[in-house]
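Remarks on the overall topology
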Amino acid sequence: MKATILAFYGCALGILGMGLRELLLGFEENRCSMTYMFEYPEYRRVQLPRRVARQYPAYGLYLYGEGVYAQETKGLKLSGAPVLFLPGNAGSYKQARSLGSVALRKAEGLESGVHFNVFTIDFNEELVALYGGSLLRQTRFLHESIKAILRLYKEQPERPTSVVLVGHSMGGVVARALFTLPRFNSRLVSLIITQASPHQAPVLPLDPYLLEFYSAVRRRWIAGAQDLRNVTVLSVGGGYRDYQVRSGLTALRCPVADPNKLSLVATAVPRTWVSTDHLSIVWCKELVLATVRAFFDLIEPDTGQFTDDTEKRISVLNYHFIRHPVQMPDEIPEPVVTFTSTESPPEAWTEVNTLRLFYIAPKEPEVKYFLFALSSRRKAYSHFHCRSSNLEMTSWLYGCTEMNGSVCQQAMDLSWGTELLPSYKALTVRVRELSSVSHLVISASNPSGNQFVIECEWQREESQTIPVPVPHVLSFGLTVSDVTINSSGLLHTIQLQHFHQVYQAFRITVLSQCRVSKDRSASVYRLKVPWFREDSFTTASTPSVTEISGMLHTSRPDNTSSALLLLHTAPNCQYKVSIRTSFPKVLGQVLRFCGPVLPVYMAVSLLLSLGVQLGSVSRAGRPVGMDTAMSRALRPHTLELPVYLLHLLLRQSWFEEVWVSLGLPAVDALPLTPATSTTHNATVPAEDWPRLLAPGLCLLGATLAFWGSMVMRLGLRLLSLFLAPLHRPSVSRDCGTLLLRTQLLLILALGALGGVTCGALAVTVAFLLHLYRVLRLQMTERSLRHVLNLAPQKVSSETENGYGARCCQSRPTECNGAAPLKTQSALQEVRDDLQLHLSLSALLTLPMMLCAPSLIYWSRNLRYAVHLDPDPCWPHTLPLVAATVLLVNSNTVTLHHSKILRLTCRLLLPLCIAMVMFSSLHLYRVTHFLSAALGSLAISCYL
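A brief look at the structure comes next. (Residues numbered from 1 in each chain as written. Predicted model: local features only at pLDDT ≥ 70, side-chain atom pairs only at ≥ 80, totals over all residues. Heavy atoms only, no water.)

1. Considerations on the overall build of the protein
Per the secondary structure count, the protein includes 27 helices and 28 strands. Within the protein, the proportion of its 943 residues that are buried is 56%. Nonlocal contacts in the protein, meaning residues at least 24 apart in sequence, comprise 81% of its contacts between residues at least 6 apart. A total accessible area of about 41300 Å² is found for the protein, and carbon and sulfur atoms account for 57% of it. Taken as two groups, the 86 positive and 68 negative side-chain charges of the protein have centres that lie 10 Å from each other. (Helix = DSSP H or I, 4+ residues; strand = E, 2+ residues; numbered from the N terminus. Buried < 20%, exposed > 50% of the residue type's maximum accessible area, 1.4 Å probe, protein only. Contact = heavy atoms within 4.5 Å. Areas by Shrake-Rupley, 256 points an atom, 1.4 Å probe, with all protein chains shown as cover. Lys, Arg positive; Asp, Glu negative; His and termini not counted. Charge placed at Lys NZ, Arg CZ, Asp CG, Glu CD.)

2. Digging into the sheet that holds strand 25 (residues 536–540)
Strand order in this open sheet of five strands is 20-22-27-24-25, and the pairing throughout is mixed. Edge strands, defined here as strands with exactly one partner in the open sheet, are strand 20 (465–469) and strand 25. Neighbour to neighbour, the strand axes of the sheet diverge by 20 degrees on average, direction disregarded. Inspection of the sheet shows strand 24 (residues 523–528) paired to strand 27 (residues 564–568) by five bridges, in the antiparallel sense. Looking at strand 27, one finds that valine 524 is bridged to histidine 568. (Pairing = 2+ DSSP bridges. Axes fitted to C-alpha atoms, helices over the stretch in contact; angles between N-to-C directions.)

3. Structural notes on the packing of aromatic side chains
Given two aromatic rings, their pairing is described by the distance between the two centres and the angle made by the two planes. One pass over the full model with this rule turns up 33 aromatic pairs. Consider the rings of tyrosine 9 and phenylalanine 706, whose centres lie 4.3 Å apart with planes at 5 degrees: the pair is stacked. Within this pair, whereas tyrosine 9 is found in helix 1 (residues 2–25), its partner phenylalanine 706 is found in helix 18 (residues 694–723), the two being separated by 697 residues in sequence. For the pair shown, tyrosine 9 and phenylalanine 706 are each scored as buried. With 6.5 Å between their ring centres and 70 degrees between their planes, phenylalanine 123 and phenylalanine 141 make a pair best called edge-to-face. Placement of the pair is phenylalanine 123 in the loop between strand 4 (116–122) and helix 5 (135–151) and phenylalanine 141 in helix 5, with a sequence separation of 18 residues. No difference in accessibility class separates phenylalanine 123 from phenylalanine 141, as the two residues are buried. Here the aromatic cluster, defined as three or more aromatic residues joined through ring pairs, consists of Phe8, Tyr9, Phe706 and Trp707. In this structure, lysine 106 is placed above the aromatic ring of phenylalanine 296, and the distance from its NZ or CZ to the ring centre is 5.7 Å. Looking at arginine 176, its charged tip hangs above the ring of tryptophan 221, at a distance of 4.8 Å from the centre. (Phe/Tyr/Trp six-rings, centres within 6.5 Å; stacked < 30°, edge-to-face > 60°. Lys NZ or Arg CZ within 6 Å of the ring centre and 35° of its normal.)

4. Focus: the packing of helix 23 (residues 824–860) against helix 27 (residues 925–940)
Two elements in contact, helix 23 and helix 27, have axes separated by 10 Å at closest approach and are oriented at 145 degrees. The two elements helix 23 and helix 27 cross, and the hand of that crossing is left-handed. Each of Leu840, Leu843, Leu844, Leu846, Pro847 and Leu850 in helix 23 lies in contact with helix 27, whose residues at this interface are Val926, Thr927, Leu930, Leu934 and Leu937. Class assignment of the residues belonging to the contact of helix 23 with helix 27 gives a composition of 10 nonpolar, one polar and no charged. (Left-handed = near helix turned anticlockwise from the far one by under 90°. Nonpolar A, V, L, I, M, F, W, Y, C, P; charged D, E, K, R; others polar.)

5. Re a nonpolar patch on the surface
Together, Leu649, Trp654, Val658, Leu662 and Leu664 give the surface a local cluster of nonpolar side chains, amounting to about 480 Å² of exposed area. Taking the relative accessible area as the measure of exposure, valine 658 reaches 40% and is therefore partly exposed. (Patch = residues over 30% accessible without salt bridge, like charges linked within 9 Å, V, L, I, M, F, W, Y side chains within 5 Å. Salt bridge = Lys/Arg side-chain N within 4 Å of Asp/Glu carboxyl O.)

6. Focus on the side chain of threonine 764
Within the secondary structure, threonine 764 is located in helix 20 (residues 759–790). The exposure class assigned to threonine 764 is buried, which follows from its relative accessible area of 17%. Not counting chain neighbours up to four residues away, the residues in contact with threonine 764 comprise Met848 and Leu855.

7. Focus on the layout of surface pockets
Considered as a void within the structure, the second largest pocket measures approximately 990 Å³ in volume. Lining the second largest pocket are 43 residues; nearest its centre among them are Arg323, Glu419, Arg526, Lys528 and Leu566. Breaking the lining of the second largest pocket down by element, the ones donating at least two residues are helix 10 (310–322), strand 13 (383–388), strand 16 (419–420), strand 17 (425–430), helix 11 (461–464), strand 22 (491–497), strand 24 and strand 27. Top element by residues in the lining of the second largest pocket is strand 17. It accounts for five residues. Among the residues forming the lining of the second largest pocket, the class breakdown is 22 nonpolar, 10 polar and 11 charged. (1 Å grid on protein atoms, 1.4 Å probe; cavity = no way out; pocket = protein on both sides within 12 Å on 5 of 7 lines; lining within 4 Å. Points joined across faces, edges and corners; volume = space filled by probe spheres on them.)

8. Digging into empty space enclosed by the protein
If you walk through the whole model with that rule in mind, you get 13 cavities of 30 Å³ or more. Empty space within the largest cavity amounts to approximately 130 Å³. Taken together, 15 residues form the lining of the largest cavity, with Leu206, Asp207, Leu850, Pro872 and Cys873 sitting closest to its centre. Take the lining of the largest cavity: its biggest share by element is four residues, from helix 23. Class assignment for the residues of the lining of the largest cavity results in 10 nonpolar, four polar and one charged.

9. Here's the deal with the sheet that holds strand 11 (residues 356–360)
Spatially, 11-19-13-17-16 is the arrangement adopted by the five strands of the open sheet, whose pairing is antiparallel. On the outer flanks of this sheet lie strand 11 and strand 16, each paired with one strand and no other. Pairing analysis gives six bridges linking strand 13 to strand 19 (residues 453–459), with the strands arranged antiparallel. Residue pairing for strand 19: cysteine 386 is matched across the bridge by cysteine 456.

10. What to know about the state of the cysteines
If you walk through the whole model with that rule in mind, you get four disulfides. A disulfide bridge connects cysteine 32 with cysteine 284, and the sulfur atoms are separated by 2.2 Å. Taking the sign of the S-S torsion, about -85 degrees here, the bridge from cysteine 32 to cysteine 284 comes out left-handed. Of the two residues, cysteine 32 is situated in the loop between helix 1 and strand 1 (41–45) and cysteine 284 in the loop between helix 8 (280–283) and helix 9 (285–297); the sequence distance between them amounts to 252 residues. Here the two residues cysteine 32 and cysteine 284 agree in accessibility, since each one is buried. With its sulfur 1.8 Å from that of its partner, cysteine 386 forms a disulfide with cysteine 456. Negative torsions about the S-S bond denote left-handed disulfides, and the value of about 115 degrees found for cysteine 386 with cysteine 456 makes this one right-handed. With cysteine 386 in strand 13 and cysteine 456 in strand 19, this pair connects stretches of sequence that are 70 residues apart. Each member of the pair, cysteine 386 as well as cysteine 456, carries the same accessibility label: buried. (Disulfide = S-S within 2.5 Å.)

11. Looking at the side chain of aspartate 832
Along the chain, aspartate 832 falls in helix 23. Since its relative accessible area comes to 7%, aspartate 832 is described here as buried. When sequence neighbours within four positions are dropped, the list of residues in contact with aspartate 832 reads Arg622, Pro623 and Thr892.

What follows is the structure in structure tokens.
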């Protein structure tokens, strides 16, 4: 039986390891270029008012500088445009050096004198992603810092009126939280750029202050959306390399009609096209360059400060982060373009009557134009597509409105629809939108003598789009959807039907081969997601075999559209596209989205296994083994069926009204469900499929609990070996126990300790106290085992002659008037108590770990304050502390004779069901449920 259990949980551990490997390692290598400082960076502290310095002693404001610039700004006499960097969770203020150094180097190459003063805030590297008690404090200090920065420019003739904020991780959330402050002037901040900031929800909701902070920010930006329309926010996610903050959380939850709020993934940023991890998004050169270029384009030449024009901000951000048209950003397109005979002589014009054009510009300077007549193509073709390897910032496609023979005299510029791709620029125009145009004009001139390639073709939308249904997620890669494209064109679109959910993951293989081997343009494969800017690009040579990971950061809420695979292909080549479900990637997606829920299922598994052991104690007087208990407790249907039934009932309006009228909390949904509702509502999502994943999550949680408890038992056994020489050998099952009076004093002392210092400290001390009891039991079990093994060898000569036998037979527990001998039952009693306390220790580990962030925060700020304020672990963890201390003396004998033990065992299953219902998005509630369970168990020891 034990071998079967080990084999089962071993297979489950292998599945979990497969998913973890895909989550942590199953992505492309880091293709970001490092940003370097050419001179030693310096951080000059900005003096704040005494009131602010006393109120926030752990924080600081710094000005970044290096080299000559650092010396020039020594006196803090500044004249540039202010930019303030906000570090995130456990982030250093020195992370601003990449942004500051690149901005400084670019400013030195300009003659206009435009430059930036990059400030950065030291938040003492606080764990604000795990402890929400300091988020409001950071927000208030940010407000004071902004006012202090603007005061530095009071002697300048062109004083800045606002500060641009760049926030990394939780720094971006703090930046948006500024607008929740009652006395904050919203005109002080007009532009916020966030990098890998979880705007939707916290990654790990470990305390209520974190969720209250998010709720306040969400309410302010939704209720006050009209007031905040002039505030531009750009949120950039890192992509699949960032496993700490998934990119779906970086989406801004704002009205769709607000164009000033932009969300995207780094893989979709033009001239970046790379995925970044959570830290490299700060120093990734490609992304830093896009940010700095946008900053310089946002400067007003007259004032040298950031523009107040909202439309210009959106235009610049769209240019650098959304769609790069390969034009100068400040260039205004002329409504009418005139071609003169001097600049474009008649011999430079060539009319193309074929369906395709392939042109290689010569190395010598040349003026060249190609004409495509629309009259004969309007009905037969829907689109005209062109691409060019000439990446100069010039116009290149025009719509001719006035012809003079074979020469176009006047035209309209269509080049602003150009899109920059990793290898070339491309442009597609709809023929039906060109009613006033008679010809299309392609400018192939190369005045600088640079050689490039232009390819154009007429397209039919219905023939270029191929619908392909993707395999089912449970096909495990056995089913393949494939399509073969005999490419005679430049662009093909594969519609991946039914691909719109985050739990879907595919391995897409593109095999390209050509009949004639010659130099061809690189193929570009683009996975396009219509409902979110999370496109990814893959560049491949021809012929080649390319593998693309088909995964999503966000689900389509209404399931009305699917992802697209755009193939920018080489003509006269064959492309075979195969799509199969990747089971490891599916596991990786499940862990990416539902990994934070696993502690809930670990607690449920440990609590149910403890219930199995307590039931065995109640019936037989001794507990079953931990592995046996966990195998019996693994019953996902007993957990998920009541949860699913409650979801069905909550869809009934009458039941929902009763639920809300009783003041019951909202039922937590799994993170796979799109978060569309922003209010406290008990209504659950209409989709049923997320609950189908719950049994799998239950299995993964039980696997973690099983192997975690096994590792803990092994660690405690080794630790007891090291501590054994420090203790006198004991053979009593009461070793490590406390007097009742001592227990009460300890409870009072730990209560006072938690109230004066930190509640997590009291929880940790109580846990260590119980752990000492386990170690003493481990030592006693080893001592008894050795004694019983050696006893048969210690036989006296009298016993051998028959004299001592009668004495021992008449009193089997005593011999020659000595102390009672320990029998095999004594060893079994100690082993039973050890099994029980090992289960309790594994269970007590969870609340201690959930409280650990606040304990770390308290210890790092101990020099500033002895008391943690606010404390998310106090006073509601006092019952947990009391129960832990009282359970130190528990044993199987007292529990076997308890009158309420059976009632306690029956209470555990409802508590586990409630934990699944209400703790998936509120992890701190796990501690509450465990306190109730352990409290009832402690009472059972005395009744």
